[in-house]
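# Structure assessment
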Amino acid sequence: MGIIIKNGTILSANDEFIGDILIEGEKIIQIGVNLCEDGHEIIDATGKYVFPGGVDEHVHMGSFATLSFETSHAALVGGTTTIVDFAPQIKGKGIIESVKIQDEEFAKDKSSSDYSFHGMVMDTSESLLDEIPKMVDAGITTLKFFMAYKYTPFMVPDDLIFKGMQLAKKYGITIMVHAENGDMVYTLQNQLIAEGKTEPVYHAYSRPPIVEDEATQRAIYLAELAGCPLFVVHVSSKGAMEHIKAAHERGLPIYGETCTHYLTLNQSFLEKPNFEGAKYVCSPALRTDEHLEAMWDGIKNNYLLSVGSDHAAVSGGFEKKKDGLNNFAKIPNGCPSVQDRLAMIWTQGVEKGKISRQRFVEIFSTTPAKIVGLYPQKGVILPGSDADIVIYDPSYEGIITHADSYEGTDYAAFEGFERKGIADKVFLRGKIVAERGKFVGEKGKGQYIKPKAYALCYDGFEK
């Protein structure tokens, strides 16, 4: 006995049609019209949209100061069925061992959503170069370098990034960069604090768009010289987006994503009184409306490929953010946002006519799965794919509020925003795990999904 989702409007990255989907076990078996119902459970989706479960290619569930995978059921409630976590490299250990520890200690039997990992470089020694040839077999096909956070383990020098790119391309590993000029940021932080400018809004003044623009262009030059594809994470500035666009138009395999908050929250949120602005401290910083509009343009026209959440629910929430009461540079970075990614993109994008329903499926599900090497197991409704499916009721109207959050922190980043539509039912590998904003599944049943090398950023790339 299987399940038939019947009479829903099935959305894909290319089209939409009214039809039925047969699920048996964990897989999609058949898609069609008037499928035989004998012996199957019937779920009527008349008047609702049916699309693949979301793939969030950018989360921090197991990082040093964030709430861990025990809160990953928040993703399911929000229609995201697969998350890809940036696993921090542990001091004294390699990337491969660090990812293994991240899985065994933080994710396995704890994650409720399915999951995978990116490697995240935090050791500037060249031992990294000995590891890269072994990474694909270990399930690591994406590798992130930070160009920011001077005088911390995060910031990686250009020469190691360049050498990493030269080697990674031989194995189909997708290089990702956090593009901000760490020297510029560090200098501006110290100058502002010396001037007594310590409030949260000065986080934005210490990380103006130009520091992102410069680092993005520099990363593009490094990738061009190395002959390596590049994926720039959390693009937030108009200039950075235009650098990516220009590089791609020159025929280079240069790509990028933006994030939910860079499409919907502007710099004024950092100005909230009584230190409330600290809730919105993330890096890159929130921008003015000019940049938000540019991000929508980038998404609409495929200059940027996808929208991740960059979910980072700081352990301790707003109270922990108060570590930076007298120094904005000490405010822990991060916004809790994995649960509301669907609601915000749909409401602010589809409902307001900024993107089509097909483009929504691309940036929410299909393209993220392709970027990280999980397609077609994830991110698409096709026979043989995992039965990760969202039935979406577009008639619902409500307000995003912390009272409905499963993210485990003490505030909602999108508090008070309207929402149109709700995930009526969310299936993870054929089982209903969430209904109308409530988690109804069993925690800890998420599975690790091994990614493949030579993913989307290598399309058309000459090896």
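An unreviewed UniProt entry lists the chain under the name D-hydantoinase, with Terrisporobacter othiniensis as the source organism. In its Function (unreviewed entry) section, UniProt records this for the chain: "Catalyzes the stereospecific hydrolysis of the cyclic amide bond of D-hydantoin derivatives." As its UniProt record puts it under Sequence similarities (unreviewed entry), the chain is described as follows: "Belongs to the metallo-dependent hydrolases superfamily. Hydantoinase/dihydropyrimidinase family."

## Some remarks on the overall build of the chain
The helix and strand inventory of the chain stands at 13 helices and 17 strands. Scaling as 2.2 N^0.38, a compact globule of 463 residues should have a C-alpha radius of gyration of about 23 Å, and the chain matches this with 21 Å. The principal-axis extents of the C-alpha atoms in the chain amount to approximately 70 × 50 × 40 Å. Considering the chain as a whole, with its 463 residues, one finds that 62% of them fall into the buried category. Restricting the contact set of the chain to residue pairs at least 6 apart, pairs at least 24 apart contribute 76%. For the chain, the accessible area works out to roughly 17,200 Å², and carbon and sulfur atoms hold 49% of it.

## Some details on helix H8 (residues 238-249)
Between the first and last C-alpha of H8 there are 16 Å, a value that for 12 residues agrees with the 16 Å anticipated at 1.5 Å per step. Every buried residue belonging to H8 is among Gly239, Ala240, Met241, Ile244 and Ala247, and all of these are buried. Among the structural elements, helix H7 (209-226), strand E11 (230-232), strand E12 (254-259) and helix H10 (289-300) are those in contact with the buried residues of H8. At the exit of H8 stands glycine 251, carrying a positive phi of roughly 90°.

## Considering the packing of aromatic side chains
Evaluation of the coordinates by the stated rule reveals 23 aromatic pairs. Measuring from centroid to centroid gives 6.4 Å for phenylalanine 117 and tyrosine 448, while their planes differ by 25°, and the two rings are stacked. Highlighted residues: phenylalanine 117 in strand E8 (residues 114-120) and tyrosine 448 in the segment after strand E17 (438-439), separated in sequence by 331 residues. Relative accessible area serves as the criterion here: at 2%, phenylalanine 117 is assigned to the buried category.

## Here we look at the state of the cysteines
Counted under the stated rule, the structure contains zero disulfides. No disulfide involves cysteine 457; its nearest neighbouring cysteine sulfur is the one of cysteine 228, lying 9.3 Å away. Here cysteine 457 falls in the buried class, since its relative accessible area comes to 0%.

## A closer look at the environment of proline 451
Here proline 451 shows up in the segment after E17. According to the relative accessible area criterion, proline 451 is buried, its value standing at 5%. Placed 189 residues apart in sequence, proline 451 and tyrosine 262 show a C-alpha to C-alpha distance of 27 Å. Residues in contact with proline 451, not counting those within four places in the same chain, are Ser116, Gly139, Thr141, Val372, Gly373 and Leu374.

## Here's the deal with the UniProt feature "modified residue: N6-carboxylysine" (unreviewed entry) in the chain
Summarizing the sequence annotation, UniProt attributes the feature "modified residue: N6-carboxylysine" (unreviewed entry) to Lys144 in the numbering used throughout. The topology assignment puts lysine 144 in strand E9 (residues 142-146). Classification of lysine 144 by relative accessible area gives buried; the value is 1%. What lysine 144 contacts, discounting residues up to four positions off in sequence, is His58, His60, Phe86, Gly119, Met120, Val121, Met176, His178 and Val233.

## Some points on the pattern of salt bridges
Any two side chains of opposite charge can pair if their charged atoms end up close together. Under the counting rule described, the total for this entry stands at 29 salt bridges. One salt bridge connects glutamate 16 with arginine 357, and the closest N-O pair in it is separated by 2.9 Å. Separated by 341 residues along the polypeptide, glutamate 16 in strand E2 (residues 16-24) and arginine 357 in helix H13 (residues 357-371) bring together distant segments of the chain. Since its relative accessible area comes to 31%, glutamate 16 is described here as partly exposed. The class of arginine 357 is partly exposed, set by a relative accessible area of 28%. Between aspartate 386 and lysine 378 there is a salt bridge, with the nearest N and O atoms lying 2.8 Å from each other. Comparing aspartate 386 with lysine 378 shows no difference in burial state: the two are buried. If you follow the salt bridges from partner to partner, you end up with Glu26, Lys27, Asp114, Lys378, Asp386, Asp388 and Arg429 in one network.

Procedures and definitions
Residues numbered from 1 in each chain as written. Predicted model: local features only at pLDDT ≥ 70, side-chain atom pairs only at ≥ 80, totals over all residues. Heavy atoms only, no water. UniProt positions renumbered as here; feature names shortened; annotations may be inferred. Helix = DSSP H or I, 4+ residues; strand = E, 2+ residues; numbered from the N terminus. Rg over C-alpha atoms; globule rule 2.2 N^0.38 Å. Buried < 20%, exposed > 50% of the residue type's maximum accessible area, 1.4 Å probe, protein only. Contact = heavy atoms within 4.5 Å. Areas by Shrake-Rupley, 256 points an atom, 1.4 Å probe, with all protein chains shown as cover. Expected span 1.5 Å × (residues − 1). Phe/Tyr/Trp six-rings, centres within 6.5 Å; stacked < 30°, edge-to-face > 60°. Disulfide = S-S within 2.5 Å. Salt bridge = Lys/Arg side-chain N within 4 Å of Asp/Glu carboxyl O.

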